[in-house]
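# Per-entry structural report
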Amino acid sequence: MPPASCYHCGLPIPDDVDLSVKIGSEPRAMCCFGCQAVAQSIVDNGLADYYRSRDAMPESPREAMPAILDQLVMYDHAEFQKSFVKELGHNEREASLLLEGITCSACIWLNEQHVGRLPGVTAVNINYTTRRARVRWDDSRIKLSDILAAVAAIGYRAYPYDAAKNEEISRKERRDAMWRLWVAGFGMMQVMMYAYPVYIADGDMAPDIESLMRWASMLLTMPVIFYSSAPFFRNAWRDIKLRRVGMDVPVALGVGAAFVASCWATFVQAGEVYFDSVTMFIFFLLGGRYLEMTARQKAVSVTEALARLLPAFAQKMPKFPVDRGTEQCVVADLRSGDYVMVRAGDIVPADGRVIEGISCANEALLTGESKPVSKSPGEAVTGGSINAESPLVVQVEQVGEGTRLSAIIQLMERAAAEKPKIVVLADRIASYFVAVLLAVAILVAVGWYFVDPSKVLWITVSVLVVTCPCALSLATPIALTVSAGALAKDGLLVTRGHAIETLARATHFVFDKTGTLTTGHMHLVDVLPTAGESRDACLAMAAALEHASEHPVASALRQAAGEALPETSAVISEPGQGIEALVAGRCCRIGRPAYALALSAAKLPDAATQWLESGDTVVALADETGCLALFRIGDELRQESLSLISELRAAGKKVILLTGDAPAVAHLVAGKLGIADVRAGVTPQGKHDCVTSLQAEGAVVAMLGDGVNDAPVLAQAQVSIAMGGGAQLARTQSDFILLSENLDHLRHGLRRARKTLQVIHQNLWWSFAYNFVALPLAIAGYVTPWIAGIGMSASSLLVVLNSLRIQRVETD
């Protein structure tokens, strides 16, 4: 049985395609998404009679782009998708893509709407500044090649995200933009050479000479129109075909109308010509867009630098320690447990632990900390850091998606994909503004036709050009991108789109104690056995109970106990309280004294009173007979804690210490830092309830924590900051990650966030004020087309330059 043919183009329908469009009263089969989109557009516009009266088949999108489609098919191969596609569930996939051809926020809207309507696509988010797209789809309903083909069908190209490919596209964009700008600038200067004599002659020039000047100007303007301004016309035509109005529509209408009218005036030797205004406008507009593109690419350079950190190859030691020989291998082929040689000056290829050698690692791009970090046997190293001094033998522990660098990049991608409410609002206003602008231009043309027909053209062109809302669409995203890049450089990683704006508006700052205001590098100060057990036996039991915990107290106990630990089973962890388990067959608890002693209803020994009043953390070990031992754990305040708290209080912010530690410990730390509101001995649920009650009173809460028990409250707060060395769960729930763990960087980040919000407000006010002033002046005839071009370009450029000020914030 021969395959069915497509009703639109007549080509055979592939066996795995099931697409149709209702034409007339019957569903008609289609061979691809391109034919389906075209046929649906024909029907929606009331042109279904085309199918009854046509005498030939149209060209199929499959035939129009054979080379592209042939290339796209390979993206469906599972092996090819490993590097950029994630499997989220049964048949659910997510890809990180790079879009080529994006020129404004309207392009983002168009791609999101077009791709989002494809059957099987469940989510699509595109970041204007980075040109990155995250697309999620059902692989049983649509293939990745179909999604990429749909993007190509509306005039864009999508590629799997790759740092090298991104840099290649950025260079190509800069090169093309520079050539178009150069042609426009050269054409403008030449046209002005012919226009200037006509101006100064003031009507005294001979007609044949003036005609020669016009013809020369027209010829010199043609390269500017057909090459330099080609993207404006191409994008405008695409928008019109898709029945929407983007920001290039008024530009193309204004430029096209002025050029056509000038050509007509040249042919008939009557009327005004505007070749000089057209070339000047295009030059200034292209110049503004080139500077905006350069600033945007510079702003995202920190993010892109992270993506390029890992090397392509590593020096693997396949027979270590028997044989110290190395062989070069691809980093993607490394597995946990492999040994690699990292020579001085080389980049660490994966997360691991030093087995041999002493050196220093430069982690500046990862943490924002410029000082090299010493590394010796047993210490962890992070993939992407640079070995600065001498060779190291490293055992690989995490590779690929499991590395810390990969987690950082994923969180930054998540932040880039999310759009804050203020960005969504600005985009919505800009899209409506273009439609209103076109309506106003029509009314202006009609009005001036009755007042002075000779001025209709240039006044209408000025109205179309001068009020194009490019500055409005740039006002927020460019500021947030510059700010996120600067924060990342300082070691404060933005992981949510709304984070910067919310941090700037925070009224209450809530701090956990251990590992945040204190270093979290706890050490065992003393052990007090209380039931006849030896010190070492109590310490071994405590370390066995804490063997899987990430809490700093657990680390201090394990370090003091050594290697030989009793076996444990039936482990039960109570976040914020402690741990219960069977140790060598008997039920034991370790943690807060009240929790541990509840196992036997025993009282705390009198000898513990002095410890509790010292301000150190006291941990109890108990079994069903009573208290076995007390452990006194010491910690130190971070040197930067006092300056951070002092600056917050000086800014009028409410500061709260919210901790599960004993009241004596909490009040001692709060007294040193000047924190008046202390809430100690609070469980994870209690922390969550505390923040909820603050929010009910109208507070905008910023929460800083680092442990697993902080994850619920970090998720509840409007904006949350997790320490870079804290628990993985805390980091995934937070809006910021303080990679450097330096509270001075958070203090500087707060200043930068406030300045970012201030700059966004300035940008928005400038955009609205500019249009409010420029539109009446253009309507009244006080703005010529070339002045309109300067005004429009200058308004966008001012927004970009104002946003770049965010990079310059006082850091002490």
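Before reading further, recall that the structure is shown in the block above.
These lines cover the structure that appears in this document, whether it is placed above or below. (Residues numbered from 1 in each chain as written. Predicted model: local features only at pLDDT ≥ 70, side-chain atom pairs only at ≥ 80, totals over all residues. Heavy atoms only, no water.)

## Quick look at the overall build of the protein chain
Where we set the bar: The helix count covers DSSP runs of H or I at least four residues long, the strand count covers runs of E at least two residues long, and both are numbered beginning at the N terminus. For the exposure calls, accessible area comes from a 1.4 Å probe over protein chains only, and a residue counts as buried if that area is under 20% of its type's maximum, exposed if over 50%, partly exposed in between. Here the accessible surface of atoms and residues is derived via Shrake-Rupley with a 1.4 Å probe, and residues count as covered only by protein chains that are part of the display.
Summing up its helical and strand segments, the protein chain has 32 helices and 29 strands in all. Taking all 812 residues of the protein chain together, the buried fraction comes to 52%. A total accessible area of about 36400 Å² is found for the protein chain, and carbon and sulfur atoms account for 58% of it.

## Let's talk about the pairing of strand β28 (residues 719-723)
Cut-off, in case you're wondering: Here a strand pair is declared whenever DSSP counts at least two bridges between the two strands.
Burial within β28 is extensive, with 5 of its 5 residues counted as buried. On β28, burial covers both faces: V719, I721 and M723 on one face and S720 and A722 on the other are all buried. Of the strand pairs in this sheet, strand β27 (residues 701-705) and β28 are connected by 4 bridges, and their pairing is parallel. Residue G705 lies in a different strand from β28, and its bridge partner there is A722.

## What to know about a nonpolar patch on the surface
Here is the rule: Like-charged residues are merged into a patch within 9 Å and nonpolar side chains (Val, Leu, Ile, Met, Phe, Trp, Tyr) within 5 Å, provided each residue has over 30% relative accessible area and no salt bridge. The salt bridge definition used is simple: a Lys or Arg side-chain nitrogen within 4 Å of an Asp or Glu carboxyl oxygen.
A grouping of W179, W182, F186, M189 and Y227 is seen on the molecular surface, where their side chains present a nonpolar patch of about 570 Å² in accessible area. Top contributing element to the nonpolar patch by residue count: helix α8 (residues 163-201), with 4 residues.

## Some details on the sheet that holds strand β8 (residues 313-316)
Taking strand neighbours across the sheet as the criterion, the 6 strands line up as β9-β8-β10-β16-β11-β14 in an open arrangement whose pairing is antiparallel. On the outer flanks of this sheet lie β9 (327-330) and β14 (380-381), each paired with one strand and no other. Examined bridge by bridge, strand β10 (residues 339-342) and strand β16 (residues 392-398) share 4 bridges and lie antiparallel to one another. Following the sheet pairing, Y339 is matched in β16 by Q395.

## Quick word on the packing of helix α22 (residues 535-545) against helix α23 (residues 552-561)
Selection rule: Interaxial angles span 0 to 180 degrees and are taken between N-to-C directions of axes, which are lines fitted to C-alpha atoms, for helices over the stretch in contact. What sets the label is the angle itself: under 35 degrees gives roughly parallel, over 145 gives roughly antiparallel, 65 to 115 gives roughly perpendicular, and the rest give oblique. Working rule for handedness: look at the near helix, and if it is turned counterclockwise from the far one by less than a right angle, call the crossing left-handed; if clockwise, right-handed. Contacts: residue pairs with any heavy atoms within 4.5 Å of one another. Any residue outside Ala, Val, Leu, Ile, Met, Phe, Trp, Tyr, Cys, Pro, Asp, Glu, Lys and Arg is labelled polar, Gly included; the first ten of those are nonpolar and the last four are charged.
Where α22 contacts α23, the two axes come as close as 8 Å, and the packing angle between them is 135°. The angle between α22 and α23 falls in the class oblique. Taken as a pair, α22 and α23 cross one another with a handedness that is left-handed. Two secondary-structure elements touch here, α22 through L539, A540, A542 and A543 and α23 through L557, R558, A560 and A561. Residue composition of the contact of α22 with α23, grouped by class: 7 nonpolar, no polar and 1 charged.

## Some details on the nonpolar core
For clarity, the cut-off: In these notes, a set of buried Ala, Val, Leu, Ile, Met, Phe, Trp, Tyr and Cys residues joined through side-chain atoms within 4.5 Å is what counts as a nonpolar core.
L503, F511 and F736 are the most contacted members of the largest nonpolar core, which totals 48 residues. A total of 8 residues in this core trace back to one element, the largest contributor, which is helix α31 (residues 743-779). Setting aside its immediate chain neighbours within four residues, F511 contacts L517, L644, I645, L648, V655, I656, L657, L658, M703 and L704. Counting residues in hydrophobic clusters, the runner-up holds 45 residues, among them W448, W458, A774 and V783.

Scope: geometric values only; no functional claims are made or implied.
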